[in-house]
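What follows is each chain in one-letter form.
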Amino acid sequence: MESMQAGNDVLFILIGAVMVLAMHAGFAFLEVGTVRAKNQVNALAKIMSDFAISTIAYFFIGYSLAYGIDFFSGAQDLQDKNGYELVKFFFLLTFAAAIPAIISGGIAERARFYPQLLASFLIVGLVYPFFEGMTWNGNLGMQSFIEGAFGLPFHDFAGSVVVHAVGGWIALAAVLLLGSRSGRYRKDGGITAHPPSSIPFLSLGAWTLTVGWFGFNVMSAQTVEAVSGLVAINSLMAMVGGILAALLAGKNDPGFLHNGPLAGLVAVCAGSDLMHPIGALITGGVAGALFVYAFTLTQNKWRIDDVLGVWPLHGLCGLWGGIAAGIFGLEALGGMGGVSFMSQLVGSLIGVLVALTGGFAVYGVIKLAIGLRLSEEQEYLGADLSIHKITAQPDYNRGEV
C-alpha cells in the first residue's frame, strides 16, 4: 500500500508538472500575439531558452537554496519513494521558470537576448528561491516573525505572491531600467499605438495558460491525499470573475478580455484552498478590473512601456491575491479560516520588497556591465531579424507569397 501511495503521488504531481510546463507555451503565444510581427520569433525563442536556463539554475542552485535538498547522490537514492522528490522538483521548477516567462512579456521588442538569459539564470538561481524558501520552507524566520506578530503565518497556497507578484515586480524593475520602445512616447506628448499582431495567437496563449492553471493550483496540494475540489472550483470561479470584469471594464477589447481569466487566476492562487467560491468569484472580478485600469494608467498616464502589462497582471493582481486570501479566507466570509489579514498584508509586501530589490540589482548590474537594450537600428528591424536572422513569415516578408 505504501508503494501504491508513493506511485500515485508521483503520477499526480507529474501530471501537474506537465500541465504547468504546457503553460509556458501559453506564455509564448500570449507574447507572440501581443507584440508586433517583427518580434514574434524572438518571443518564442525567449520562452524556450529561458526554460532551459531556468532548469539548470534551479537544479544546481535554486532548489537547494529554497529547500536545502540537492540531487548529487546516486540514482538509487534519488529513486526513493518512486522518485517523488525528483518530480516534486520538476513541478516546482515549472513555477520558478514562470518568472522569466512573466518578465519576457514586459521587456519585449527591445531587450538583448543573451543578457536576458543571464538575468533569468540569476533570478531563478538566487532571487526567486530566496523568497520561495522564506514562504514555503520557513527560511530566515519570516514565517515565525509573522506568526509571532499576528498569530498566523503568511499563507500562499499556489503562488499569488511567491510566483506572480514576485515575477511582476521584478519585471517592473526591468522595464524601468530598460526604458520604453523607440517612438512609443513622442516628444509632442502623443503615444504611438502598437496594436496586437495576432488576436488568434493571443487567444491561444490565454486559453493554454488558463487550462494549465488548473494543474498549477490543484496540484499544489502535491499529494493525492491532500487534493481539494474546492481549489478547482475556486479557480474556475475566479477565472470567470476575471473574464466578466475585464469584458465590462475593457469595453469589449479582446486584449483585455483574454487577460481577464489570467488576472482572476493569478489572484486566486494564494487563497484557492480557503475561499468560498463566491469569495473566489469576487476576488477574480476585482483582479480583472484592476488589470484593465492599471494597464491603462501604466501605458497612457505613467508612460511605463510594459508591453504585455505583466506588472498590472502579475505584480498587482498577485499582490491583491495575497491580501484577498486574508479577507475571503476568513470564516466570517464563508472561508475555511486559519488566515490573518495582517499576516497576508505583511507577507505580500515582503514579497514585493524582495522582488523589487532583486530585480533592480540583477538588471541594474547587467545594464552597467554589458547593456540590456538592442541598438536603435536593431530595434527598428525587429528582434527577429536582428537576433535570429529570420522572421515569422519569411516568404511573405520577401514578397514571394
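First, a word on scope: everything that follows refers to the structure included in this document. (Residues numbered from 1 in each chain as written. Predicted model: local features only at pLDDT ≥ 70, side-chain atom pairs only at ≥ 80, totals over all residues. Heavy atoms only, no water.)

### Some words on the side chain of Lys-88
(1) Moving on: Following the sequence through the fold, Lys-88 ends up in helix α4 (residues 80–96).
(2) Moving on: Salt bridges are absent for the buried Lys-88, whose nearest opposite-charge side chain, Glu-85, sits at 4.8 Å.
(3) Moving on: For Lys-88, the residues in contact, after removing those within four places along its chain, are Ile-13, Tyr-63 and Gln-222. (Helix = DSSP H or I, 4+ residues; strand = E, 2+ residues; numbered from the N terminus. Buried < 20%, exposed > 50% of the residue type's maximum accessible area, 1.4 Å probe, protein only. Lys, Arg positive; Asp, Glu negative; His and termini not counted. Salt bridge = Lys/Arg side-chain N within 4 Å of Asp/Glu carboxyl O. Contact = heavy atoms within 4.5 Å.)

### A closer look at the nonpolar core
Soluble, globular proteins show a tendency: their nonpolar side chains are buried together.
(1) Moving on: In this structure, Tyr-58 and Tyr-363 are the most contacted members of the largest nonpolar core, which totals 110 residues.
(2) Moving on: In terms of residue count, helix α8 (residues 160–178) provides more of this core than any other element does, 13 residues in total.
(3) Moving on: Among all residues touching Tyr-58, those that are not within four sequence positions of it are Tyr-63, Tyr-67, Phe-89, Leu-92, Leu-93, Ala-96, Val-124, Tyr-128 and Glu-132. (Core = buried A, V, L, I, M, F, W, Y, C linked by side-chain atoms within 4.5 Å.)

### A look at helix α2 (residues 40–67)
(1) Moving on: Along its length, α2 shows its largest kink, about 60°, at Tyr-58.
(2) Moving on: Once α2 ends, the next one or two residues include Gly-68, with phi positive near 70°. (Bend = angle between axes of the 7 residues up to and from the residue.)

### Description of a nonpolar patch on the surface
(1) Moving on: Together, Ile-56, Phe-60, Ile-61, Leu-65, Phe-72, Leu-126, Phe-130 and Leu-140 make up a nonpolar patch on the protein surface, roughly 780 Å² of accessible area in all.
(2) Moving on: Contributing elements (two or more residues each) for the nonpolar patch: α2 and α6 (113–136).
(3) Moving on: By residue number, the principal contributor to the nonpolar patch is α2, which donates four residues.
(4) Moving on: Mapped onto the fold, Ile-56 is located in helix α2.
(5) Moving on: By relative accessible area, Ile-56 is classed as partly exposed at 45%. (Patch = residues over 30% accessible without salt bridge, like charges linked within 9 Å, V, L, I, M, F, W, Y side chains within 5 Å. Areas by Shrake-Rupley, 256 points an atom, 1.4 Å probe, with all protein chains shown as cover.)

### Description of the side chain of Asp-306
(1) Moving on: One can find Asp-306 in the loop between α12 (277–301) and α13 (310–328).
(2) Moving on: No salt bridge is formed by the buried Asp-306. Its closest oppositely charged neighbour is Arg-110, at 7.0 Å.
(3) Moving on: Here Trp-311 takes part through its backbone nitrogen, which lies 2.8 Å from a polar atom of the side chain of Asp-306.
(4) Moving on: With near-sequence residues (within four places) excluded, Asp-306 lies in contact with Gly-106, Val-175, Phe-295, Thr-298, Gln-299, Trp-311 and Pro-312. (Polar contact = N/O pair within 3.5 Å; in protein donor to acceptor, adjacent residues only side chain to side chain.)

### Here we look at the packing of aromatic side chains
(1) Moving on: As enumerated under the stated definition, the model contains 21 aromatic pairs in all.
(2) Moving on: Measuring from centroid to centroid gives 5.5 Å for Tyr-63 and Phe-71, while their planes differ by 20°, and the two rings are stacked. For the pair shown, Tyr-63 and Phe-71 are each scored as buried.
(3) Moving on: Measuring from ring centre to ring centre gives 5.7 Å for Phe-291 and Phe-295, while their planes differ by 40°; the resulting arrangement is tilted. Linking Phe-291 with Phe-295, this pair stays in helix α12, spanning four residues, or about one helical turn.
(4) Moving on: Residue class for Phe-291 comes out buried when judged on its relative accessible area of 1%.
(5) Moving on: Through pairs of rings, three or more aromatic residues link up here, namely Tyr-58, Phe-59, Phe-60, Tyr-63, Tyr-67, Phe-71, Phe-72 and Phe-89.
(6) Moving on: Sitting above the plane of the Tyr-380 ring, Lys-38 keeps its charged end 5.5 Å from the centroid.
(7) Moving on: Between the NZ or CZ atom of Lys-88 and the centre of the ring of Tyr-67, over which it lies, the distance is 5.8 Å. (Phe/Tyr/Trp six-rings, centres within 6.5 Å; stacked < 30°, edge-to-face > 60°. Lys NZ or Arg CZ within 6 Å of the ring centre and 35° of its normal.)

### Some points on the packing of helix α1 (residues 2–34) against helix α9 (residues 199–218)
(1) Moving on: Following both chains from N to C, one finds α1 and α9 inclined at 155°, their axes separated by 7 Å at the closest point. Accordingly, the angle class assigned to the pair α1 and α9 is roughly antiparallel. The crossing of α1 and α9 is left-handed.
(2) Moving on: Class assignment for the residues of the contact of α1 with α9 results in 20 nonpolar, eight polar and no charged. (Axes fitted to C-alpha atoms, helices over the stretch in contact; angles between N-to-C directions. Parallel < 35°, antiparallel > 145°, perpendicular 65-115°, else oblique. Left-handed = near helix turned anticlockwise from the far one by under 90°. Nonpolar A, V, L, I, M, F, W, Y, C, P; charged D, E, K, R; others polar.)

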